[in-house]
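# Summary of the model geometry
If you want the building blocks of each chain, they are given just below.
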Amino acid sequence: MTLPTTLGDLKQTEWASPARRNRTVKDEMRENLICLLENGTALFPGIVGYEDTVIPQLVNALLARHNFILLGLRGQAKSRILRQLVSLLDEEIPILAGSEVNDDPFAPISKYGRELIAEQGDNTPVAWLPRDARFIEKLATPDVTIADIIGDVDPIKAARGGHLLSDELTMHFGLLPRANRAIFAVNELPDLAGKVQVGLFNIMQEGDVQIKGYPVRLNLDVALVFTANPEDYTARGKIITPLKDRIGAEIVTHYPLTVELGSAITKQEAWVERDGRPIRVPDFIEELVERIAFEARDDKRVDRRSGVSQRLPISVLESVVSNAERRTIVTKERAVVPRVSDVYAALAAITGKLELEYEGELQGSEAIAKDLIRRAAGKTFEARVGGANVDDIVHWFDEGGALKITPDERSESLLKGFSVVPGLLDLVDQVGLAGKKDPAAMVSACELVLEGLVAEKRIARSEDLGYVRARPDPKAPPKPGPNLFT
């Protein structure tokens with residue numbers, strides 16, 4: 001279908017109907033959202049774990065035509081949600097060709113648009129703006145000015161066009177006027193200086209902005225959406241109270257509520273499929289990696305106000321696969337199968353993502369990261385192997401058995417070492433962690449069992465000796481005898 005290219009042609013289409021001409025961008029989003037809901041179409045694909053919490057509140061805000069803010073810690077998909085709002089816009093809308101503010105051909109807001117129609121009438125050229133171009137995003141920083149957001153006088157434009165500085169045609173439009181008939185998103189709103197936040201008052205309540213130095217008002221049609229981190233309210237800045245009052249809905253995001261949801265997000269986002277050798281990540285390794293983030297979020301040594309981003313397990317899983325890939329290349333094995341030892345090799349993907357409290361700073365990020373891995377392995381072991389009989393394995397270590405593992409050894413060689421521990425291979429097979437015909441998966445599962453026993457303090461592990469018997473608890477001080485002098 002050929003789209004109209006002039007104002008005259010556009011007047012012969014549905015775009016000239018009163019319903020279309022009076023529809024705002026929030027009405028447009030509302031109508032398209034209602035269509036999706038009626039058809040049962042999934043909203044916000046790729047956003048996992050918000051189906052019963054965040055998304056219903058988001059739908060309510062859109063149906064109410066509210067400006068809204070997503071409030072949550074880092075790594076909670078706030079920016080991704082905002083960017084997906086574009087899917088609620090029409091595929092294309094008509095604008096006056098050459099307009100900087102997406103002028104509606106039937107109701108232009110700029111002097112340029114009004115003069116163009118006055119000169120050319122029905123021959124005024126019309127362009128079509130795709131919906132991807134109707135999302136304007138700005139990361140708020142303390143150096144953002146009113147001129148950046150709203151606009152200012154442009155002396156160069158005045159000189160080149162031969163206009164007086166007071167002429168409306170000398171305006172330099174900021175990001176907000178350029179977001180006319182579109183969505184304007186501000187990330188990290190509290191970082192925006194207070195006086196710039198004041199500049200958003202009119203557009204949120206009266207629907208217009210006034211550019212400094214001009215006695216004109218631009219009646220903008222824009223949907224305003226924001227994100228913020230609760231920590232920012234005290235650490236770097238704040239959202240001024242009158243602006244908060246004008247935001248229609250405050251929607252609080254959260255981290256995945258279960259390990260299964262978190263693992264699904266990590267698996268979806270992590271770059272695991274590599275060129276070359278086939279990669280098989282055991283499901284218990286995926287679970288272990290996810291539990292690291294869950295353990296960190298509950299650890300008192302980690303700053304909860306800062307949060308533990310979902311990017312942590314994503315980065316860890318990618319690093320785990322990379323270490324396994326490197327080992328496989330060196331040992332010339334056919335398939336890449338990560339092990340628990342590969343998780344310990346991914347410390348660099350953990351330490352940089354933890355904001356520590358004072359106690360944590362004293363212990364050091366690397367020591368805490370190792371402790372988180374050990375605890376995560378223990379929880380995974382309990383979930384997968386809990387209740388199984390491991391007495392033979394523990395007894396072997398108690399009797400003086402020791403097992404030192406070389407991380408970069410071939411699976412077949414390590415499997416021979418694990419076979420020395422009575423009952424270990426049979427246990428792995430019985431609980432369904434791995435089959436005996438899959439040496440690489442068997443090795444990974446054996447490491448999980450041993451790490452789980454270390455976490456439960458039934459055996460011990462040291463860098464020098466490997467897996468050994470658990471250190472006996474220090475003897476309790478002798479009880480004081482009776483006082484014979486009383």
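Keep in mind the model is a prediction, meaning the values are calculated, not measured. (Residues numbered from 1 in each chain as written. Predicted model: local features only at pLDDT ≥ 70, side-chain atom pairs only at ≥ 80, totals over all residues. Heavy atoms only, no water.)

Before going further, it helps to spend a moment on the overall build of the protein. Counting secondary structure elements, the protein contains 24 helices and 13 strands. For the protein, whose C-alpha radius of gyration is 31 Å, the value lies well above the compact-globule estimate of 23 Å for 486 residues. For the C-alpha atoms alone, the extent of the protein along its principal axes is close to 105 × 70 × 45 Å. The proportion of buried residues among the 486 residues of the protein is 50%. (Helix = DSSP H or I, 4+ residues; strand = E, 2+ residues; numbered from the N terminus. Rg over C-alpha atoms; globule rule 2.2 N^0.38 Å. Buried < 20%, exposed > 50% of the residue type's maximum accessible area, 1.4 Å probe, protein only.)

Next up on the list: the pattern of salt bridges. Scanning all chains against the criterion turns up 33 salt bridges. The partner of arginine 23 in a salt bridge is glutamate 31, and the shortest N-O contact between them spans 3.1 Å. For glutamate 295, the salt bridge identified is with lysine 379, shortest N-O distance 2.8 Å. Here the residue glutamate 295 occupies a position in helix α15 (residues 283–298), and lysine 379 occupies one in helix α20 (residues 365–385), the gap between them amounting to 84 residues. With relative accessibility at 42%, the residue lysine 379 sits in the partly exposed group. Beyond isolated ion pairs, a larger network of salt bridges with shared partners links Glu295, Asp299, Arg301, Asp371, Arg374, Arg375 and Lys379. (Salt bridge = Lys/Arg side-chain N within 4 Å of Asp/Glu carboxyl O.)

Among the five residues of strand β2 (residues 92–96), four are classified as buried, and the element is accordingly described as predominantly covered. Inspection of the sheet shows β2 paired to strand β3 (residues 126–130) by five bridges, in the antiparallel sense. Paired with leucine 96 across the two strands is valine 126, which belongs to β3. (Pairing = 2+ DSSP bridges.)

Time to look at the sheet that holds strand β7 (residues 182–187). The sheet built from five strands is open, its strands ordered β4-β7-β10-β1-β11 with parallel pairing. With partners counted over all chains shown, the strands left at the sheet margins are β4 (135–139) and β11 (249–252), one partner each. On average, adjacent strands in this sheet sit at an angle of 20° to one another, irrespective of strand direction. The strands that helix α3 (residues 25–39) touches are β7 and β10 (222–228); relative to β10, the one it contacts most, it runs at about 75°. Along the sheet, helix α4 (residues 54–63) makes contact with β1 (68–71) and β11, crossing β11 at roughly 165°. (Axes fitted to C-alpha atoms, helices over the stretch in contact; angles between N-to-C directions. Contact = heavy atoms within 4.5 Å.)

Counting residues in hydrophobic clusters, the biggest one holds 66 residues, and the most contacted among them are Ile292, Leu354 and Phe418. No other element matches helix α24 (residues 439–455), which puts 10 residues into this core. Isoleucine 292 has contacts with Leu312, Val316, Val343, Ile350, Leu372, Ile373 and Ala376, leaving out every residue within four places of it along the chain. Grouped together as the second largest cluster of nonpolar side chains are 34 residues, Ile136, Phe184, Phe201 and Leu224 included. (Core = buried A, V, L, I, M, F, W, Y, C linked by side-chain atoms within 4.5 Å.)

Every second residue of β1 is oriented toward a common face, with Phe68 and Leu70 on one face and Ile69 and Leu71 on the other, all of them buried. Both β1 and β11 contribute to a ladder of four bridges, which runs parallel. In the strand pairing of β11, phenylalanine 68 is matched with alanine 249.

Before going further, it helps to spend a moment on the packing of α20 against α24. Relative to each other, α20 and α24 sit at 110°, their axes nearing to 8 Å. Regarding the angle of α20 to α24, the classification is roughly perpendicular. Facing α20, whose interface residues are Arg374, Ala377, Gly378, Thr380 and Phe381, α24 presents Leu448, Val449, Glu451, Gly452, Leu453, Val454 and Ala455. Taken together, the residues of the contact of α20 with α24 sort by class into seven nonpolar, three polar and two charged. (Parallel < 35°, antiparallel > 145°, perpendicular 65-115°, else oblique. Nonpolar A, V, L, I, M, F, W, Y, C, P; charged D, E, K, R; others polar.)

The terminal C-alpha atoms of helix α16 (residues 311–331) lie 30 Å apart, and with 21 residues this matches the ideal 30 Å at 1.5 Å per residue to within 8%. Count one or two residues on from α16 and you reach lysine 332, which has phi positive near 60°. (Expected span 1.5 Å × (residues − 1).)

What follows is about unusual backbone geometry. Residue alanine 77 is not a glycine yet carries a positive backbone phi of 65°. Here alanine 77 lies in the loop between β1 and α5 (78–84). In this model, lysine 332 sits at a positive phi of 60°, which is unusual for a non-glycine residue. With respect to the element layout, lysine 332 can be found in the loop between α16 and α17 (340–344).

Moving on, we come to the confidence of the model for the protein. On average, residues of the protein carry a pLDDT of 89, and 91% of them reach 70 or more. Within the protein, the lowest mean pLDDT, 50, falls on helix α12 (residues 232–235), and the highest, 97, falls on α4. Considering only residues more than four positions removed or in separate chains, one finds that residues 481–486, a stretch of pLDDT under 50, has zero contacts. (pLDDT = per-residue confidence, 0-100.)

Mapped onto the fold, arginine 21 is located in helix α2 (residues 18–21). Counting along the chain gives 84 residues from arginine 21 to proline 105, while the straight-line C-alpha distance between them is 9.5 Å. The residues contacting arginine 21, other than those within four sequence positions of it, are Trp15, Ala16, Asp104 and Phe106.

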